[in-house]
Amino acid sequence: MIRAFIETSLVDWDGKISSVVFFDKCNFRCPFCQNWDLIINPDKFPVVKWEHIKKKLQNKKGWVDGLVLTGGEPLCCEQEVFQVCKKTKKLGLQVKIDTNGSYPAILQNLIKNKLIDFVAMDIKAPIDERYNTAAGKQIDLEKIKQSIQMLLNGEIDYEFRTTCVPGIIDENAIHQIGKHIKGAKKWALQAHVPDNAYKVLYRQSLNPEYYKMLIKYLEIAKKYIPNTILRGKV
Ligand code: SF4
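A brief structural summary. Just so you know, these numbers come straight off a predicted model, no measurement behind them.

Thresholds applied
- Positions within a chain are numbered from 1, following the residues in the order the chain's sequence is written.
- Side-chain atom pairs in this predicted model are given and counted only at pLDDT of 80 or more, local residue features only at pLDDT of at least 70, and totals for whole chains, interfaces and linings cover all residues.
- Put simply, DSSP marks the helices as runs of H or I at least four residues long and the strands as runs of E at least two long, and each gets a number from the N terminus on.
- Radius of gyration here uses only the C-alpha atoms, and the compact-globule reference equals 2.2 Å multiplied by the residue count raised to the power 0.38.
- Residues with at least 20 neighbouring C-beta atoms inside 10 Å of their own are called buried, those with 12 or fewer are called exposed, and the rest are partly exposed, where every C-beta is derived from the backbone.
- Here contacts are defined at the residue level, using C-beta atoms placed from the backbone and a cut-off of 7 Å between them.
- Throughout, the arc means the angular range of directions from the helix axis out to the C-beta atoms.
- We treat two strands as partners when DSSP finds at least two bridges between them.
- Each residue receives a C-beta atom built from its backbone; the residue is near a molecule or strand if that atom lies within 6 Å of it.
- Residues are sorted three ways: Asp, Glu, Lys and Arg are charged, Ala, Val, Leu, Ile, Met, Phe, Trp, Tyr, Cys and Pro are nonpolar, and all the rest, Gly among them, are polar.
- Axes, fitted as lines to C-alpha atoms, cover a helix only where it is in contact. Angles between the N-to-C directions of the axes lie from 0 to 180 degrees.

For the rest of this paragraph, the subject is the overall build of the chain. The helix and strand tally for the chain stands at 8 helices and 8 strands. In summary, the chain has a C-alpha radius of gyration of 17 Å against a globular reference of 17 Å for 234 residues, a match within 12%. Overall, the chain is about 45 × 40 × 35 Å in size when its C-alpha atoms are taken along their principal axes. In the chain, which comprises 234 residues, the share counted as buried stands at 37%. Considering only contacts in the chain between residues 6 or more positions apart, those separated by 24 or more positions represent 72%.

The following block contains the structure:
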């Protein structure tokens, strides 16, 4: 279900003005998650009905480019996501989906039916046992690999994004991830936000060294993906 709606955002889709909807389920439990309350205690948040969203989108017609589906993991709500995409397209708007990449078949179906225009896929760690730490549970790594290959070899516009969480991401991790996604159109390295992290361990304040490390990570990442950017408050 949709539990939150932002009418206008300049930061959720690079180069576009977007509205954003938040779905309330996720199959991961990343210890650094910012939206953990939404997925663990969804009933604390009122359901946002499509009619409300539709009215707002219609009011903004002409200057909002599209709708971003985020969460949680939107693809946990497969049927609702399909409906929202179809209805958004009918309004003449583009659709971006944020995903953790664990549902390649659903993602492929959305792409095949031309219901989405842009995919932002998280790469949380190198695709080995470190991924399970980053995701907070055992993950089917093959699914992550399938989603990566689908985006690398497909035609839909996309970006990969990695939140540079201390204790999970280091120089070696950037090298490894760079190898996994070599040839990608775009990679966004995102600054970790400790304030509201799910697990206390990841709420520790960042020091100036952290930001220097981000610059180093950027240099390394660009060797694999020239179009790598830094994102966040750095
Ligand atoms: S995949 Fe995203 S929403 Fe789900 S737990 Fe991880 S950071 Fe939170």
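Attention shifts here to unusual backbone geometry. Here the bond from Gly71 into Gly72 is cis, since omega is 20 degrees, no more than 30 degrees from zero. Mapped onto the fold, Gly72 is located in the loop between strand 3 (66-70) and helix 3 (78-90). Phi angles above zero are rare outside glycine, and Lys114 is one such case at about 55 degrees. Positionally, Lys114 belongs in the loop between helix 4 (104-112) and strand 5 (118-122).

A few words now on helix 4. For helix 4, every residue scored as buried is listed here: Pro104, Leu107 and Leu110. On an axial view of helix 4, the arc spanned by its buried residues comes to 125 degrees, and they lie on one face. More than 90 degrees from the buried face of helix 4, the exposed residues found are Ala105 and Lys112.

In the case of a regular strand, side chains alternate between the two sheet surfaces. The buried fraction of strand 3 amounts to 4 of the 5 residues, a majority that puts the element mostly inside the structure. Pairing of strand 3 with strand 4 (residues 94-99), which is carried by 4 bridges, proceeds in the parallel orientation. Paired with Leu69 across the bridge in strand 4 is Ile97.

Taken together, the residues surrounding the ligand are Cys26, Phe28, Arg29, Cys30, Cys33, Asn35, Ile39, Gly71, Gly72, Glu73 and Asn100. Of the residues belonging to the shell around the ligand, the class tally is 5 nonpolar, 4 polar and 2 charged.

Strand pairs in the sheet, formed through backbone hydrogen bonds, run parallel or antiparallel to each other. Taken together, 8 strands build an open sheet; the order of strands is 1-2-3-4-5-6-7-8 and the sheet is mixed. Since the sheet does not close on itself, it has two edges, and those belong to strand 1 (2-9) and strand 8 (228-231), each with one partner. Adjacent strand axes in the sheet meet at a mean angle of 20 degrees, parallel and antiparallel pairs treated alike.

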